[in-house]
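Spelled out from the first residue to the last, the chains are:
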Amino acid sequence: MVAEALQYVSNHLDTIMTGLTMAVVGISVYEARDGFFLFNGDFRGKYGALLIFVGTLFGASLITPMVGNLWEQALPHIPPGQLLGTILVLGMLGVNKAAEWNFFDIKSLPIYGLGVVLIANPELIHTVA
């Protein structure tokens, strides 16, 4: 079961990383909550929000293939430790942004730190494994 999951991740890593990248980019474009839509620091009405939302979808559909192509070309040259570090940093940024949590709280800093250490020293992953 674990081997199949790891094989799946390995086979689709460029798609996974593209999705993670687009998620982090996407949640930084606008903020929508119950009763408000915030874009570029300003509250927007329903019609403005609709235009922004559709424009964002269109823009994302244009850049997603380019992001995917970049990941497809880059992944063979990225050591597993750096990749894990990148996933940790992007993932924590995405979670904090999506949930509107503090980016630099005591629970986030160790994850960022571990991610940065792995990005800078990818061979450390082999000492743990």
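1. Topic: unusual backbone geometry
Stage number 1. The phi torsion at Glu100 lies on the positive side, around 55°, for a residue other than glycine.
Stage number 2. Within the secondary structure, Glu100 is located in the loop between α4 (80-99) and α5 (108-120).
Stage number 3. Residue classification places Glu100 among the partly exposed residues on the basis of a relative accessible area of 42%.

2. Section: the pattern of salt bridges
Stage number 1. Tallied over the full model, the rule gives one salt bridge.
Stage number 2. When the shortest N-O distance is used, the salt bridge between Arg44 and Asp42 registers 3.9 Å.
Stage number 3. With a relative accessible area of 31%, Arg44 lands in the partly exposed category.
Stage number 4. Classification of Asp42 by relative accessible area gives partly exposed; the value is 42%.

3. Brief notes about α4
Stage number 1. Between its first and last C-alpha, α4 extends 28 Å over 20 residues, near the 28 Å set by a 1.5 Å rise per residue.
Stage number 2. Within the sequence span of α4, burial applies to Gly81, Leu83, Gly85, Val89, Leu90, Met92, Gly94 and Asn96.
Stage number 3. Once α4 ends, the next one or two residues include Glu100, with phi positive near 55°.

4. Overview of a nonpolar patch on the surface
Stage number 1. On the surface, a cluster of nonpolar side chains totalling about 470 Å² of accessible area is made up of Val25, Phe58, Leu62, Ile63 and Met66.
Stage number 2. When residues of the nonpolar patch are assigned to their parent elements, the largest contribution, four residues, is made by helix α3 (residues 46-74).
Stage number 3. Relative to the helices and strands, Phe58 resides in helix α3.

5. Things to note about the packing of aromatic side chains
Stage number 1. Within the structure shown, the criterion is met by three aromatic pairs.
Stage number 2. Consider the rings of Tyr30 and Phe37, whose centres lie 4.8 Å apart with planes at 25°: the pair is stacked.
Stage number 3. An angle of 50° between the planes, with centres 6.2 Å apart, marks the rings of Phe104 and Tyr112 as tilted.
Stage number 4. Taken together, the ring pairs connect Tyr30, Phe37 and Phe53 into an aromatic cluster.

Reading the values: the criteria
- Residues numbered from 1 in each chain as written.
- Predicted model: local features only at pLDDT ≥ 70, side-chain atom pairs only at ≥ 80, totals over all residues.
- Heavy atoms only, no water.
- Helix = DSSP H or I, 4+ residues; strand = E, 2+ residues; numbered from the N terminus.
- Buried < 20%, exposed > 50% of the residue type's maximum accessible area, 1.4 Å probe, protein only.
- Salt bridge = Lys/Arg side-chain N within 4 Å of Asp/Glu carboxyl O.
- Expected span 1.5 Å × (residues − 1).
- Patch = residues over 30% accessible without salt bridge, like charges linked within 9 Å, V, L, I, M, F, W, Y side chains within 5 Å.
- Areas by Shrake-Rupley, 256 points an atom, 1.4 Å probe, with all protein chains shown as cover.
- Phe/Tyr/Trp six-rings, centres within 6.5 Å; stacked < 30°, edge-to-face > 60°.

Interpretation in functional terms is not warranted from these geometric data alone.
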